[in-house]
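# Analysis of the macromolecular model
Listed below, chain by chain, are the residues.
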Amino acid sequence: MKASPKNLLATLRGVRQERPPLWLMRQAGRYLPEYRALRETKGGFLELCYDPEAAAEVTLQPIRRFGFDGSILFSDILVIPHALGQHLWFEAGEGPRLAPPLVDSALASLDAAHQRLDPVYATVARVAASLPPETTFLGFAGSPWTVATYMVAGQGSKDQAAARRLAFSDPAAFQAIIDAIVELTVTYLSGQIEQGVDAVQLFDSWAGSLSPAQYEQWVIAPNAEIVRRLRALHPDTPIIGFPKGAGGKLRAYADETGVDAIGLDETVDPLWADANLPAHLPVQGNLDPLALVAGGDALDMAIDRILAAFPSRPHIFNLGHGIVPDTPIAHVEHLIKRVRGG
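Notes on the structure in this doc start here. Since the structure is predicted, the reported quantities are computational estimates derived from the model, not experimental observations.

A tally of regular secondary structure across the protein chain gives 15 helices and nine strands. The C-alpha radius of gyration of the protein chain comes to 19 Å, within 12% of the 20 Å expected for a compact globule of 342 residues. Reported as C-alpha extents along the three principal axes, the dimensions of the protein chain are approximately 55 × 45 × 40 Å. Partitioning the contacts of the protein chain with sequence separation of at least 6, the portion at a separation of at least 24 is 74%. Split by element, the accessible area of the protein chain, about 13,600 Å² in all, is 52% carbon and sulfur. Of the side chains in the protein chain, 29 bear a positive and 38 a negative charge, and the two mean positions are spaced by 3 Å.

Counted by the stated rule, this structure contains ten aromatic pairs. Between Phe-140 and Phe-203, the ring centres sit 5.5 Å apart and the planes meet at 80 degrees, which makes this aromatic pair edge-to-face. Linking Phe-140 in strand E4 (residues 136–142) with Phe-203 in strand E5 (residues 199–204), this pair joins segments that are 63 residues apart in sequence. An identical accessibility class is assigned to Phe-140 and Phe-203; each is buried. Among the aromatic residues, those joined into a cluster by ring pairs are Tyr-35, Phe-45, Phe-74 and Phe-90.

Along strand E8 (residues 283–287), five of the five residues are buried, which leaves the element largely enclosed by surrounding structure. Bridge count between strand E7 (residues 261–263) and E8: two bridges; the pairing is parallel. Counted as the bridge partner of Gly-263 is Gln-284 from E8. The β-α-β motif built from E7, the intervening helix H12 (residues 270–276) and the parallel element E8 has right-handed crossover chirality.

A word on the pattern of salt bridges. Counted according to the given criterion, the structure contains 14 salt bridges. A salt bridge links Arg-231 to Asp-260; the shortest N-O distance between them is 2.7 Å. Of this pair, Arg-231 sits in helix H10 (residues 212–233) while Asp-260 sits in the loop between helix H11 (250–257) and E7; the two residues are 29 residues apart in sequence, bridging distant segments of the chain. Each member of the salt-bridge network shares a partner with another, and the members are Asp-300, Asp-304 and Arg-338.

Turning to the nonpolar core, a few remarks are in order. Most often, soluble globular proteins have nonpolar side chains that are buried together. Of all hydrophobic cores here, the largest spans 115 residues; its most connected members are Phe-68, Phe-174 and Leu-287. Top contributing element to this core by residue count: helix H9 (residues 171–195), with eleven residues. What Leu-287 contacts, discounting residues up to four positions off in sequence, is Glu-266, Leu-292, Leu-299, Ala-302, Ile-303, Ile-306, Phe-317, Asn-318, Leu-319, Gly-320 and Leu-335.

Among the seven residues of E4, seven are classified as buried, and the element is accordingly described as predominantly covered. Here E4 shows two buried faces, one formed by Thr-136, Leu-138, Phe-140 and Gly-142 and the other by Phe-137, Gly-139 and Ala-141. As judged from the five bridges shared by E4 and E5, these two strands associate in the parallel manner. Note on E5: the bridge partner recorded for Phe-140 is Gln-201.

Spatially, seven strands are ordered E1-E4-E5-E6-E7-E8-E9 in an open sheet, and the strand pairing comes out parallel. Both outer strands of the open sheet, strand E1 (70–72) and strand E9 (315–319), are each paired with one neighbouring strand and no more. Taking each pair of neighbouring strands and ignoring which way they run, the sheet shows an average axis angle of 25 degrees. Here E1 pairs with E4 via three bridges, running parallel. Within E4, the residue paired with Ser-71 across the bridge is Phe-137. Together, E8 and E9 form the strand contacts of helix H14 (residues 296–309), whose direction differs from that of E8 by roughly 160 degrees.

Cis geometry marks the peptide bond from Ala-99 to Pro-100, where omega comes out at -5 degrees. Tracing the chain through its elements places Pro-100 in the loop between strand E3 (95–99) and helix H6 (118–130). Look at the link from Gly-285 to Asn-286: it is a cis peptide, with omega at -10 degrees. Positive phi outside glycine occurs at Gln-160, with the angle close to 55 degrees. Overall, Gln-160 belongs to the buried group, its relative accessible area being 3%. Even without being glycine, His-280 reaches a positive phi, approximately 70 degrees.

This part is about the packing of helix H8 (residues 161–169) against H9. At their nearest, the axes of H8 and H9 sit 5 Å apart, and the two run at 120 degrees to each other. Compared by their axis directions, H8 and H9 come out oblique. Residues Ala-163, Leu-166, Ala-167, Phe-168 and Ser-169 of H8 lie in contact with H9, whose contacting residues are Pro-171, Phe-174 and Ile-177. Residue composition of the contact of H8 with H9, by class: seven nonpolar, one polar and no charged.

Procedures and definitions
Per-chain numbering applies: the sequence of each chain, read as written, is numbered from 1 onward. Residues qualify for local features only when their pLDDT is at least 70, as the model is predicted, and side-chain atom pairs are given and counted only at 80 or more; totals for whole chains, interfaces and linings, by contrast, use all residues. In computing side-chain properties, one takes all heavy atoms of the structure into account and sets aside hydrogens as well as water. The secondary structure listing takes helices from DSSP runs of H or I that are at least 4 residues long and strands from runs of E that are at least 2 residues long, numbered from the N terminus. Every radius of gyration here is taken over C-alpha atoms, with the globule rule written as 2.2 Å times N^0.38, N being the number of residues. By definition, residues are in contact when any of their heavy atoms lie within 4.5 Å. Per-residue and other accessible areas follow the Shrake-Rupley method at a 1.4 Å probe size, with only the shown protein chains counted as cover for residues. A residue counts as positive if it is Lys or Arg and as negative if it is Asp or Glu; His and the chain ends are not included. Throughout, a charge is located at the NZ atom of Lys, the CZ atom of Arg, the CG atom of Asp or the CD atom of Glu. Centres within 6.5 Å are what make two rings of Phe, Tyr or Trp a pair, Trp counting through its six-membered ring; a difference in plane orientation under 30 degrees is then read as stacked, over 60 as edge-to-face, and the rest as tilted. Each residue is placed in one exposure class: buried if its accessible area under a 1.4 Å probe, protein chains only, is under 20% of its type's maximum, exposed if it is over 50%, and partly exposed if it falls in between. Two strands pair under a simple rule: DSSP has to find at least two bridges between them. Think of it like this: strands point away, you trace from the first strand over the helix to the second, and a clockwise trace means the crossover is right-handed. Throughout this description, the term salt bridge denotes a Lys or Arg side-chain nitrogen within 4 Å of a carboxyl oxygen of Asp or Glu. The nonpolar core is taken to be a set of buried Ala, Val, Leu, Ile, Met, Phe, Trp, Tyr and Cys residues, with the residues joined through side-chain atoms within 4.5 Å. Angles here are taken between N-to-C directions and fall from 0 to 180 degrees, while the axes themselves are lines fitted to C-alpha atoms, restricted in helices to the stretch in contact. Here roughly perpendicular refers to angles of 65 to 115 degrees, roughly parallel to angles under 35, roughly antiparallel to angles over 145, and oblique to all remaining angles. When residue character is reported, Ala, Val, Leu, Ile, Met, Phe, Trp, Tyr, Cys and Pro are called nonpolar, Asp, Glu, Lys and Arg charged, and the others, Gly included, polar.

Here you go:
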């Protein structure tokens with residue numbers, strides 16, 4: 001296989017690099033002073049997401065500062081329920097709110113507004129035209145189970161109880177929600193690809209909250225359907241799956257969804273992952289975000305353990321979840337230097 005000048009994209013296609021390419025989940029965001037300054041001028045978070053000029057600027061900020069190998073689109077997983085017709089807003093200090101919550105209202109009562117996704121496509125086009133040629137551009141969407149948990153409850157929750165109850169008590173109604181998310185997610189990711197992203201990631205932040213049988217039904221099956229349909233439309237675009245909290249179910253996810261690479265959260269032993277995941281499947285991760293905050297010996301030991309865990313497997317260095325706002329810039333610089341062998 002001919003190596004790509006984009007080393008992250010080449011890794012996703014199965015070509016191991018001498019040093020792993022590097023990007024960080026949530027790298028465009030609140031830990032950067034330039035992001036905070038821009039947000040002050042733009043008002044709320046959602047307004048920032050839907051402003052193509054501003055969202056493109058936020059996407060590019062960490063590339064200018066750090067030169068990461070991958071650039072992740074600045075947006076939010078909840079633009080999908082917003083486009084499906086729920087009202088979306090963010091309460092200061094409390095997080096997102098969606099109305100009406102589908103625990104009280106039927107999906108069919110929503111008035112879909114797919115045009116709400118148009119500013120995201122415009123952002124993608126702007127970023128694609130501005131990135132350095134060696135930088136891999138990553139699009140993303142939330143996976144159906146995780147998105148559905150917000151749609152059903154109308155907000156985030158610690159145990160996703162409202163969605164789990166609905167899935168047990170009225171599986172047909174819950175399946176209809178999942179199906180609607182799958183349908184629009186394929187359209188949404190396809191639109192991102194058409195506007196210039198090189199690869200996409202599916203975030204299943206709440207995959208760890210389900211029993212094995214429900215995990216098969218609500219995590220594996222819908223993600224596999226998205227992968228199948230997206231690959232039919234864009235066979236050369238790699239797809240990363242990130243089922244946070246999946247633990248021992250990671251192997252089933254890798255085997256059954258057909259993703260091109262799998263993201264490991266910080267609770268996964270990288271040595272276990274290398275021994276148990278399909279041979280040669282690219283993996284991504286999995287530094288604890290709080291190790292990056294702590295810095296010092298704790299950070300160095302964690303970096304060394306991850307780098308040593310994948311002696312022959314294609315590997316993308318990343319966090320096990322999103323970077324946290326109080327992460328020191330100097331610690332990110334140190335991480336980059338260590339991973340790149342400086």
